[in-house]
Amino acid sequence: MLVTLKDILADARDNHYAVGAFNVIENVMLRTVLETAEAKEAPVIVMGLAADLEGAGWTYIAGLAKLAAEYHDIPICLHLDHCYDLDVIAQAVEHGFTGVMYDGSSLPFDENVNMTKAAVDIAHPHGVSVEAELGHVGGSDLAETQHVESVLTEPDEITKFVELTGVDALAVSIGTGHGVYRSEPTLNIERLVELTQATDVPLVMHGGSGTPDDQVRNAVANGITKVNVFTEERIAMFRGLKEAAKIDRIDPLPEDQFGPIRSELSALIGEKIELLSSDGRAALTIADA
Ligand SMILES: [Zn+2]
């Protein structure tokens, strides 16, 4: 069933686990994520990026996700990932997304507040939750060559930001980065504890891919309720693709081509769900949905 970002994260915050948030492009990814989450009885967030939703993407990704969400017996949030454009936020609301992220993290504080508040004003009247970002998680989701420095989130800013914007979830910068790491990251757990104490709003970790498991567990124990994973999905799928390419047949069946991609991706999603302790949480997540 489709639920809002706010609802899916509320139980996570209360019970110290995190919900996996996975980018999906096309049916193979969407289906693999949802089937794996259902097998693990885990609530799950599927995300689309504006670039993938353009044109028919709204129909193929959002349309498919909404239909599939009705079929699967777990709480599912359909979320717009990193968005910098209020028109796209409005489009996502129109297409039935249950969560949107407005990313004003590279703007000065006051502008980030104003733009995020505008996104909230678009989304909330339709019952759609909003995630924002304070501080800045560097790197890039899309191009591994691009690199922007991270700026840690400041505890004294967080209370003010939440109060002024009314956001439902907040991405914080505590030492992760987007993309493939050049060296192992070290999360600033001390900072995370300060942030968790400063607000009741569920906190989100971007750049979850490649962060050592013990650090992810520690972050979840200290208040992270949503962990975004995209880079590792791509790495897993590429392993499957290379496996599929070994088939010695000129006309391999679709299942022979997509099967290895699906199974590598499914293994990764299952591992992440267990790492975040969201397995077995599906029935408990939404008490009154
Ligand atoms: Zn991100």
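About the thresholds
Residues numbered from 1 in each chain as written. Predicted model: local features only at pLDDT ≥ 70, side-chain atom pairs only at ≥ 80, totals over all residues. Helix = DSSP H or I, 4+ residues; strand = E, 2+ residues; numbered from the N terminus. Rg over C-alpha atoms; globule rule 2.2 N^0.38 Å. Buried ≥ 20, exposed ≤ 12 C-beta atoms within 10 Å, placed from the backbone. Expected span 1.5 Å × (residues − 1). Core = buried A, V, L, I, M, F, W, Y, C linked by C-beta atoms within 7 Å. Contact = placed C-beta atoms within 7 Å. Pairing = 2+ DSSP bridges. Axes fitted to C-alpha atoms, helices over the stretch in contact; angles between N-to-C directions. Parallel < 35°, antiparallel > 145°, perpendicular 65-115°, else oblique. Left-handed = near helix turned anticlockwise from the far one by under 90°. Nonpolar A, V, L, I, M, F, W, Y, C, P; charged D, E, K, R; others polar. Right-handed = clockwise from strand over helix to strand, strands pointing away.

### Some points on the overall build of the protein chain
A count of helices and strands for the protein chain gives twelve helices and eight strands. For the protein chain, the C-alpha radius of gyration of 18 Å lies close to 19 Å, the compact-globule estimate for 289 residues. Reported as C-alpha extents along the three principal axes, the dimensions of the protein chain are approximately 60 × 40 × 35 Å. Every one of the 289 residues in the protein chain was classed for burial, and the buried ones make up 49%.

### Digging into the environment of Asn15
Summarising the element assignment, Asn15 is placed in helix α1 (residues 5-15). Note: C-alpha distance between Asn15 and Ile273 (258 residues apart in sequence) is 15 Å.

### Considering helix α6 (residues 109-123)
Over its 15 residues, α6 runs 21 Å from end to end, which matches the ideal 21 Å to within 8%, given 1.5 Å per residue. All of the buried residues in α6 are Asn112, Val113, Met115, Thr116, Ala119, Val120 and Ala123.

### Considerations on the nonpolar core
Within the largest apolar cluster, 81 residues are counted, with the highest numbers of intra-cluster contacts made by Val33, Val44, Val46, Val100 and Leu170. Residue contacts for Val44: discarding those within four places in its chain leaves Val19, Gly20, Val33, Leu34, Ala37, Ile74 and Ile76.

### Quick notes on the environment of Leu107
Looking at where Leu107 falls in the secondary structure, it is placed in the loop between β4 (99-102) and α6. Accessibility expressed as a C-beta count within 10 Å gives 16 for Leu107, which makes it partly exposed. When the C-alpha positions of Leu107 and Gly135 are compared, they lie 9.6 Å apart, and in sequence the two are 28 residues distant. Non-local contacts of Leu107, meaning those with residues more than four positions away in its chain, are made with Asn112 and Met115.

### Description of the sheet that holds strand β7 (residues 203-205)
An order of β1-β2-β3-β4-β5-β6-β7-β8 is seen for the eight strands of this closed barrel, with the pairing classed as parallel. Ignoring which end each strand starts from, the neighbouring axes of this sheet average 30° apart. Inspection of the sheet shows strand β5 (residues 129-134) paired to strand β6 (residues 169-172) by four bridges, in the parallel sense. Looking across to β6, one finds that Glu131 is bridged to Ala169.

### Some words on helix α2 (residues 27-39)
Compared with an ideal rise of 1.5 Å per residue, which puts 13 residues at 18 Å, α2 spans 18 Å between its outermost C-alpha atoms and is within 8% of the ideal. Within α2, burial applies to Met29, Leu30, Thr32, Val33, Leu34, Thr36 and Ala37. Phi turns positive, to about 50°, at Glu41, one or two residues after α2.

### Details of the packing of α2 against helix α4 (residues 57-71)
Running from N to C, α2 and α4 cross one another at 25°; their axes reach a closest spacing of 11 Å. In terms of their interaxial angle, α2 and α4 are classed as roughly parallel. For the crossing formed where α2 meets α4, the hand is right-handed. The residues of α4 that touch α2, namely those facing Asn27, Leu30 and Leu34, are Leu64, Ala65 and Ala68.

### With respect to the environment of Val204
Its location among the elements puts Val204 in strand β7. Residues Val204 and Leu78, 126 residues apart in the sequence, show an inter-C-alpha distance of 16 Å. Once residues within four sequence positions are removed from consideration, Val204 is found in contact with Glu131, Ala169, Leu170, Ala171, Val172, Lys226 and Asn228.

### As for the packing of α6 against helix α7 (residues 155-165)
Viewed as axis vectors pointing N to C, α6 and α7 meet at an angle of 35°, and their least axial separation amounts to 9 Å. The two elements α6 and α7 cross, and the hand of that crossing is right-handed. Together, Phe109, Val113, Thr116, Lys117 and Val120 of α6 and Glu157, Phe161, Leu164 and Thr165 of α7 make up the contact between the two elements. Classifying every residue of the contact of α6 with α7 gives five nonpolar, two polar and two charged.

### So, unusual backbone geometry
The phi dihedral of His16 is positive, around 60°, even though this residue is not glycine. Relative to the helices and strands, His16 resides in the loop between α1 and β1 (19-23).

### Focus: the pairing of β5
Of all six residues making up β5, six are buried, and the element is well covered by its neighbours. Burial along β5 is two-sided: the residues Ser129, Glu131 and Glu133 and Val130, Ala132 and Leu134 are all buried. Note that β4 and β5 share three bridges and pair parallel. Paired with Val100 across the bridge in β5 is Val130. A crossover connection joins β4 to the parallel β5 through α6; in handedness this β-α-β unit is right-handed.

### Quick look at the pairing of β1
Most of β1 is tucked away, with five of its five residues classed as buried. What you see with β1 is no split at all: Val19, Ala21 and Asn23 on one side and Gly20 and Phe22 on the other are buried throughout. For β1 and strand β2 (residues 44-48), the ladder comprises three bridges, and the chain directions are parallel. Counted as the bridge partner of Asn23 is Met47 from β2. Taking the sense of rotation as the criterion, the β-α-β connection linking β1, α2 and β2 turns out right-handed.

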